[in-house]
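Spelled out from the first residue to the last, the chains are:
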Amino acid sequence: MNWEDLLSLKRYGDHHKRLRKEQDETRLGFEVDYDRIIFSSAFRSLQDKTQVIPLSKTDFVHTRLTHSLEVSVVGRSLGRAVGKAILEKHPYLSEVHGYRFNDFGAIVAAAALAHDIGNPPFGHSGEKAIGEFFKNGSGQNYKPQLTPKEYQDLIDFEGNANGFKILTESRKGIAGGLRLSYATLGAFTKYPKESLPKKPTRHIADKKFGFFQAEKESFSEVANDLGLIKTSGGEELSFARHPLAFLVEAADDICYTIIDFEDGINLGLIQEEYALEYLINLVRDSINTKKYHSLTTKEDRLSYLRALSINTLISDATRIFLENEESILDGTFDCALLDKSKYTAQINDIIQLSINNIYRSTEVVHKEIAGYKILNTLLGAFSDALIRTNNGTASNYDKLVLELLPEKYTKSGSVYTMLLSVCQFVAGLTDGNAVLLFNKLTGSSLK
């Protein structure tokens, strides 16, 4: 892969390349991507979606929105640091094509901003709940009407693939969705493959999938324009990652490692003295001990260690990327950047403590159980109503339920298309709206 193709400013519907030297420096194309994402309704809905604690009423606990903003900030720093070094190593990118180091930062920042835009309510358990509905719930009745890949899309419902759908799906009068640059779409796609075969290799890019069958052609167009390396043969579709996707992933890894841990401390799920020592172990080489001991409140001590920890991991991830640039460009670098970190032991200690004390806490487990019930009910009601309406067997109840489904999700088509539309609707609900809709459908509340 080569950088001049990977930094493509092309958008859906363009017939010619957009040249970097012809860009308006006051409103660069990659920065337009950021603007379009942040003004989208799908992004706004992240303000009421779970990051760590479902339906938390505590104002200092992160939502998907605050998490995404923070990942974007970290991603911008990573992109700029890498971009500066890449341009020094490959001066033709600047001299011939006009690229600047801020371009790398803008691409990673936009992709990182959108990285959770397709995630359903109730955190990662929401993805599992949707998959379970089709694998073990009443949704399995639709299996005979689906191809193996279509069925796999549903039983392994993937927020990353749903995100690509949101960003690129054409609707009447809106061709190409948000019409983001191909560089940003490439950096957004951590898993550039379809749902089958499942995990064909141990390569990090094969861990999950990044697009549904419905978007297969769209992704293929993006990948071919960017010059991504095809890693599959025959009819299977999988590619090597866009190099900047490694930076988006690293930004996310840094933030959830450090900031989820911070939430656990603030919630009292992890003892302060115990937790701060874990962070100190991570920044032992750079901490200003005198400054640290001058801080008198838990909030100030935690804030100082958090900022230092994030900066430490940004520097380390940048180093790893640059040391492995060639293998990243030829598609053979096969793990996350932080898997090569010199701080791996400290990172793993923090993550394990978060798993034990936060992600498996009673509050989280109870709300995730409720989330399974809520999403299962919504998927069952809307899937049945839409499909029975389409084949002329709808009951009066089905017709009433369908009144609650926005028009853009009610289009007729194949069973797969309709089921995916329902999944997209349910995945787009906020935690609060999912509860509200569940209460209405079950008669638990009329408000």
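Residues numbered from 1 in each chain as written. Predicted model: local features only at pLDDT ≥ 70, side-chain atom pairs only at ≥ 80, totals over all residues. Heavy atoms only, no water.

## Structural notes on the overall build of the protein chain
- Helix and strand counts for the protein chain stand at 21 helices and zero strands.
- Dimensions of the protein chain, computed from C-alpha atoms along their principal axes, come out at roughly 70 × 55 × 40 Å.
- Residues counted as buried form 54% of the 447 residues belonging to the protein chain.
- Partitioning the contacts of the protein chain with sequence separation of at least 6, the portion at a separation of at least 24 is 72%.
- For the protein chain, the accessible area works out to roughly 19700 Å², and carbon and sulfur atoms hold 50% of it.
- Between the averaged position of the 53 positive side-chain charges in the protein chain and that of its 58 negative side-chain charges there is a distance of 3 Å. (Helix = DSSP H or I, 4+ residues; strand = E, 2+ residues; numbered from the N terminus. Buried < 20%, exposed > 50% of the residue type's maximum accessible area, 1.4 Å probe, protein only. Contact = heavy atoms within 4.5 Å. Areas by Shrake-Rupley, 256 points an atom, 1.4 Å probe, with all protein chains shown as cover. Lys, Arg positive; Asp, Glu negative; His and termini not counted. Charge placed at Lys NZ, Arg CZ, Asp CG, Glu CD.)

## Concerning the domain arrangement of the protein chain
- Once the domains are mapped, the protein chain shows domain 1 (3-119 + 243-358) and domain 2 (121-154 + 361-446).
- At the surface where domain 1 touches domain 2, the tally comes to zero salt bridges.
- Across the contact surface, domain 1 and domain 2 share five residue pairs in polar contact (both at pLDDT 80 or more).
- Tallied by class, residues from the side of domain 1 that touches domain 2 come to six nonpolar, six polar and three charged. (Domains from an automatic or database assignment. Salt bridge = Lys/Arg side-chain N within 4 Å of Asp/Glu carboxyl O. Polar contact = N/O pair within 3.5 Å; in protein donor to acceptor, adjacent residues only side chain to side chain. Nonpolar A, V, L, I, M, F, W, Y, C, P; charged D, E, K, R; others polar.)

## Observations regarding the packing of helix α6 (residues 101-113) against helix α12 (residues 243-266)
- Where α6 contacts α12, the axes come no closer than 9 Å and their chain directions differ by 55 degrees. In terms of orientation, α6 lies oblique with respect to α12. Here α6 and α12 pass one another in a crossing that is right-handed. Contacts from Phe104, Ile107, Val108, Ala111 and Ala112 in α6 reach Leu244, Leu247 and Val248 in α12.
- Partitioned by chemical class, the residues of the contact of α6 with α12 number eight nonpolar, no polar and no charged. (Axes fitted to C-alpha atoms, helices over the stretch in contact; angles between N-to-C directions. Parallel < 35°, antiparallel > 145°, perpendicular 65-115°, else oblique. Left-handed = near helix turned anticlockwise from the far one by under 90°.)

## Regarding the environment of Arg44
- Structurally, the position occupied by Arg44 is in helix α3 (residues 41-44).
- The spacing of Arg44 and Ser315 is 271 residues in sequence and 31 Å in space, taken between C-alpha atoms.
- Engagement of the side chain of Arg44 in a polar contact is seen with the backbone oxygen of Phe39, the distance being 3.0 Å.

## Things to note about the packing of aromatic side chains
- By the definition in use, this model includes 12 aromatic pairs.
- Aromatic pair Phe246 and Phe333: ring centres 5.5 Å apart, planes at 75 degrees, arrangement edge-to-face. Separated by 87 residues along the polypeptide, Phe246 in helix α12 and Phe333 in the loop between α16 (325-329) and α17 (344-359) bring together distant segments of the chain.
- Residue class for Phe246 comes out buried when judged on its relative accessible area of 2%.
- Members of the aromatic cluster, joined through ring pairs, are Phe164, Phe211, Phe219 and Phe239.
- Over the ring of Phe246 we find Arg241; its NZ or CZ atom is 4.8 Å from the centre of that ring. (Phe/Tyr/Trp six-rings, centres within 6.5 Å; stacked < 30°, edge-to-face > 60°. Lys NZ or Arg CZ within 6 Å of the ring centre and 35° of its normal.)

## Details of the pattern of salt bridges
- Using the criterion set out here, one finds 24 salt bridges in the structure.
- We note a salt bridge from Lys17 to Asp5, for which the minimum N-O separation is 3.7 Å. Of this pair, Lys17 sits in the loop between α1 (3-6) and α2 (29-38) while Asp5 sits in helix α1, placing them 12 residues apart in sequence.
- When its relative accessible area of 22% is taken as the criterion, Asp5 is described as partly exposed.
- Between Glu323 and Arg319 there is a salt bridge, with its nearest N and O atoms 3.1 Å apart. On the criterion of helical spacing, the pair formed by Glu323 and Arg319 is a turn pair, its members being four residues apart in helix α15 (residues 298-323).
- Judged by relative accessible area, Arg319 falls into the partly exposed class, the value being 30%.

## What about the side chain of Glu194?
- With respect to the helices, strands and loops of the structure, Glu194 is situated in the loop between α10 (182-188) and α11 (216-226).
- For Glu194, a relative accessible area of 1% translates into the label buried.
- Within the structure, Glu194 has its side chain in polar contact with the side chain of Lys149 (distance 3.1 Å).
- Here Glu194 is in contact with Lys149, Phe209, Phe211, Gln213, Lys216, Glu235, Glu236 and Leu237, once residues within four sequence places are set aside.

## Examining the environment of Glu249
- Turning to its location among the elements, Glu249 is positioned in helix α12.
- On the accessibility criterion, Glu249 (4% relative accessible area) is buried.
- Distance from Glu249 to Phe333, taken between C-alpha atoms, is 14 Å for residues 84 residues apart in sequence.
- Those residues within four positions of Glu249 in sequence are excluded, and the remaining contacts are Lys190, Tyr191, Ile204, Arg241, Ala336 and Leu337.
- Within the structure, the side chain of Glu249 is placed 2.9 Å from the side chain of Arg241, a separation counted as a polar contact.

## Brief notes about the nonpolar core
- Of all hydrophobic cores here, the largest spans 90 residues; its most connected members are Trp3, Leu244, Phe261, Leu305 and Leu337.
- Apart from the residues lying within four places of it in its own chain, the contact partners of Leu305 are Leu276, Leu279, Ile280, Val283, Ile287 and Tyr292.
- Core analysis: the second largest hydrophobic core is formed by 42 residues, Ala129, Ile155, Ile374 and Leu437 among them. (Core = buried A, V, L, I, M, F, W, Y, C linked by side-chain atoms within 4.5 Å.)

## Digging into the environment of Gln424
- The topology assignment puts Gln424 in helix α20 (residues 415-428).
- Taking the C-alpha atoms as reference points, Gln424 and Pro120, separated by 304 residues in sequence, lie 8.5 Å from one another.
- Setting aside chain neighbours within four positions, we find Gln424 in contact with Asn162, Lys165, Ile166, Glu169 and Tyr409.
- A distance of 3.5 Å separates polar atoms of two side chains, one belonging to Gln424 and the other to Glu169.

## Comments concerning the side chain of Lys190
- Inspection of the secondary structure assignment puts Lys190 in the loop between α10 and α11.
- For Lys190, a relative accessible area of 12% corresponds to the buried category.
- Discounting chain neighbours no more than four positions away, the residues touching Lys190 are Asn160, Ala205, Arg241, Ala245, Glu249 and Asp252.

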